[in-house]
Amino acid sequence: MQNRPPLFVIPTYRLRDVGETIHLYDEHFWRNGHAIPMVVFDDSNVHNQQKYYALLEATATYNDLYYVGPREKEAFIAYLNDRLRDRKLEPLVRNLFRPSYGGNRNYTLMYTLGTRMLSADDDMRPYALVEHSPESLEQDEVCRGKLLKVNGDGFTRKSFDILAAFLDVLGRRVADVPANHARGELLRDSAMDLETNATQGLVRENSLLLDPGDVPDDAVVKVAQTFRSGTNDIDAIDYVEMFLDDEGQVELDELNDVYVLVNFRPAVTNKNWRIDCGVAGYDNSFGLPPFFPTRLRFEDYIYRLWIQQQGVAAAHVDAVQTHVKSNYMRSPLAAEVFNEEVSNLLKLKIKSTLSKVEDLSISFDYGGEVTAEDCDRILGRITALHARVLGAAAATVSHERADALRRFAVTLEKAFYGFEPDFFQQNLVRIVDDVISQFKGSLELWPTLVEICYLQKNRAGLPQSRVQNKRRH
């Protein structure tokens, strides 16, 4: 399987802007001597596809460029439903691949069956932001980074061979991974909760620390990722904290601070609570579990649980990519805070009831119950944040900054149903119940769909279009 060429995929719902991402990664691969097919998986509606597809065709590339959009996805869904021959399963099929964070990524898993896949989000870039004077890491450190001002001069841009770094580890036994990779049980982020990755408060500097542990030589690296600069995979609430911390910032959407790496080194671990699907690679030779098909931003949490089985390992590779945080078509910050609070609740509920981990799926016993105590904990955190925002608005001398703070306070209160406990719990129960019931049905169906797609992909391929763009030579 490792002799099959890897694929590079970009899941997107921002077709207007994806051309720049393609251009930069295509040039990066070419400068490092690689030829790799690139596939755009587009969650745009038909109107936006027709409006912006010409921009994709206008993007010249060295590498072959393919496209899976609304038309190709409908043909794919129709094929699956035709093979299943059961109308009762059609809603589950559509849910697995519906426009959402996990749904679009599930297409990438089906289309890359039988090979290795590199995936980058549409607002990632193939370079690193690194401090001018790197410092040595401590013995148990794998990475250290810090927040610096965007217009500062304390860092530079560097590029690493991303594809080579992934191919060093993906699909390989741990015994065959290059010797410069440290080994351990898991990585801990000094600024984050281990199991939810929820922030523990805004800090200006953090480290990834390696817990000791034996990684079996015969374990296979199934999921890997680069390190990340630009932003540090932080919560929406951290952006609020950054805004509160910077008196000179007048708009919440601005990013006056940038995350810069001090130093890093690659590592292989038994577990990985820090999986970042925006900069990840996967050994999809024999199929993988689906991403959670959800509009909540925790679609990759299933991999944090699945990766813990015996014989499977994860890796942080010897390369870095940068997140530029596009605000185009992004949900308001208050909605992102709500999203993450619900996601963190579900993460803990699912993990605490995990009952089985299989080759292509997981099982858990959580049925969607939400207690009054669950709601009180969430509302307690958010009302405290709301009070701080209003206090900062009253204390600032800048009218523009005060207006931005008050506007955010209003949208935060609306997002959490006016902070009314009964109303909040009623709606939270409805959301969680819908999400959990969809997850369970989708997880049961997924192995059957993998078998169908594996055979079809080898026989005739899955619906996609070759982009008629210009070639660079």
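Now for a look at the structure at hand.

Cut-offs used in this document
- Per chain, residue numbering runs from 1 following the sequence as it is written.
- Totals for whole chains, interfaces and linings use all residues, but because this is a predicted model, local features are given only for residues with pLDDT of at least 70 and pairs of side-chain atoms are given and counted only at 80 or more.
- Neither water nor hydrogens contribute to the side-chain values; these are computed over all heavy atoms in the structure.
- Per the convention used, a helix needs a DSSP run of H or I reaching at least four residues, while a strand needs a run of E reaching at least two, with both numbered from the N terminus.
- C-alpha atoms define the radius of gyration in this analysis, and the globule rule sets the expected value at 2.2 Å times the number of residues to the power 0.38.
- Contacts are assigned to residue pairs with any non-hydrogen atoms lying within 4.5 Å of each other.
- In these tables, accessible area is a Shrake-Rupley quantity obtained with a 1.4 Å probe, and a residue counts as shielded only by the protein chains included in the view.
- The convention is simple: Lys and Arg are positive, Asp and Glu are negative, and His and the chain ends are not counted.
- For the purpose of locating charges, the reference atoms are NZ of Lys, CZ of Arg, CG of Asp and CD of Glu.
- The salt bridge criterion pairs a side-chain nitrogen of Lys or Arg with a carboxyl oxygen of Asp or Glu, the two atoms within 4 Å.
- Between buried and exposed lies partly exposed: a residue is buried under 20% and exposed over 50% of the maximum accessible area for its type, with that area taken using a 1.4 Å probe on protein chains only.
- Structural elements are reduced to axes, namely lines fitted to C-alpha atoms, with helices fitted over the stretch in contact, and the angle between N-to-C directions of any two is expressed from 0 to 180 degrees.
- An angle counts as roughly parallel when it lies under 35 degrees, as roughly antiparallel when it exceeds 145, as roughly perpendicular when it falls between 65 and 115, and as oblique in every other case.
- The handedness criterion is simple: a crossing whose near helix is rotated anticlockwise from the far helix by less than a right angle is left-handed, and one whose near helix is rotated clockwise is right-handed.
- Gly is put with the polar residues, along with every residue not named as nonpolar or charged; the nonpolar set is Ala, Val, Leu, Ile, Met, Phe, Trp, Tyr, Cys and Pro, and the charged set is Asp, Glu, Lys and Arg.
- Only centres within 6.5 Å qualify two rings of Phe, Tyr or Trp (six-membered ring in Trp) as a pair; their planes then separate them into stacked at under 30 degrees, edge-to-face at over 60, and tilted for everything else.
- In this analysis the charged atom, NZ for Lys or CZ for Arg, is taken to sit over a ring once it is within 6 Å of the ring centre and within 35 degrees of the ring normal.
- Take the residue count of a helix, subtract one, and multiply by 1.5 Å to get its expected span.
- In these notes, a set of buried Ala, Val, Leu, Ile, Met, Phe, Trp, Tyr and Cys residues joined through side-chain atoms within 4.5 Å is what counts as a nonpolar core.

Attention now moves to the overall build of the protein chain. Secondary structure assignment for the protein chain yields twelve helices and 19 strands. A compact globule built from 473 residues should have a C-alpha radius of gyration of about 23 Å, and the protein chain, at 22 Å, falls within 12% of that. Along the longest, intermediate and shortest principal axes, the C-alpha atoms of the protein chain span 65 × 55 × 50 Å. Once local pairs closer than 6 in sequence are excluded, the contacts in the protein chain between residues at least 24 apart make up 85%. Split by element, the accessible area of the protein chain, about 19800 Å² in all, is 49% carbon and sulfur. For the protein chain, the separation between the mean place of its 55 positive charges and that of its 69 negative charges on side chains is 5 Å.

With that settled, consider the pattern of salt bridges. Once their charged atoms are close, side chains differing in charge can pair, the charge on each being opposite to the other. Counted by the stated rule, this structure contains 37 salt bridges. Aspartate 64 is paired through a salt bridge with arginine 471; the nearest N and O atoms lie 2.7 Å apart. Of this pair, aspartate 64 sits in the loop between α2 (46-57) and β3 (65-68) while arginine 471 sits in the segment after β19 (465-466), placing them 407 residues apart in sequence. On the accessibility criterion, aspartate 64 (26% relative accessible area) is partly exposed. Across the salt bridge formed by arginine 94 and glutamate 74, the nearest N and O atoms sit 3.0 Å from each other. In this pair, arginine 94 sits in helix α4 (residues 90-96) while glutamate 74 sits in helix α3 (residues 70-84), placing the two residues 20 residues apart along the sequence. The exposure class assigned to glutamate 74 is partly exposed, which follows from its relative accessible area of 42%. Here the salt bridges share partners, and the residues they tie into one network are Lys149, Arg204, Asp245, Asp246 and Asp257.

This brings us to the packing of helix α7 (residues 236-245) against helix α10 (residues 372-395). At their nearest, the axes of α7 and α10 sit 11 Å apart, and the two run at 25° to each other. Relative to α10, the element α7 is oriented roughly parallel. Here α7 and α10 pass one another in a crossing that is left-handed. Packed against α7, whose contacting residues are Ile237, Val240, Glu241 and Leu244, the element α10 presents Leu385, Arg388, Val389 and Ala392 at the interface. Per-class residue counts for the contact of α7 with α10 are six nonpolar, no polar and two charged.

A few words on the packing of aromatic side chains. Inspection of the entire model under this criterion finds 27 aromatic pairs. Arranged with centres 5.9 Å apart and planes meeting at 45°, the rings of phenylalanine 298 and phenylalanine 439 form a pair that is tilted. Within this pair, whereas phenylalanine 298 is found in the loop between β15 (280-284) and α8 (301-306), its partner phenylalanine 439 is found in helix α12 (residues 421-459), the two being separated by 141 residues in sequence. For phenylalanine 439, a relative accessible area of 1% puts it in the buried group. Ring-pair connections join several aromatic residues into one group, and the members of that group are Phe41, Phe76, Phe97, Tyr107, Tyr111 and Trp446. Of note, arginine 401 hangs over the ring of phenylalanine 243, and the distance from its end group to the ring centre comes to 4.6 Å.

This part takes up α3. Compared with the 21 Å implied by 1.5 Å per residue over 15 residues, the 21 Å span of α3 between its first and last C-alpha is a close match. Where α3 is concerned, the buried positions are Pro70, Glu72, Lys73, Phe76, Ile77, Tyr79, Leu80, Asn81 and Leu84. One or two positions beyond α3, positive phi appears at arginine 85, with a value near 55°.

Further remarks concern the nonpolar core. Within the largest apolar cluster, 107 residues are counted, with the highest numbers of intra-cluster contacts made by Phe76, Phe97, Met110, Tyr303 and Phe416. Considering each element in turn, this core owes the most residues, 15 residues, to α12. Beyond its immediate sequence surroundings of up to four residues, phenylalanine 76 is in contact with Phe97, Tyr107, Met110, Tyr111, Cys453, Leu462 and Pro463. Residues Met38, Val174, Val177 and Val221 belong to the second largest nonpolar core, which totals 37 residues.

Looking now at the environment of glycine 418. Its place among the elements puts glycine 418 in the loop between α11 (399-415) and α12. For glycine 418, a relative accessible area of 39% puts it in the partly exposed group. Separated by 35 residues in the primary sequence, glycine 418 and threonine 383 have C-alpha atoms spaced 10.0 Å apart.

No statement about biological role is implied by the geometric values presented.
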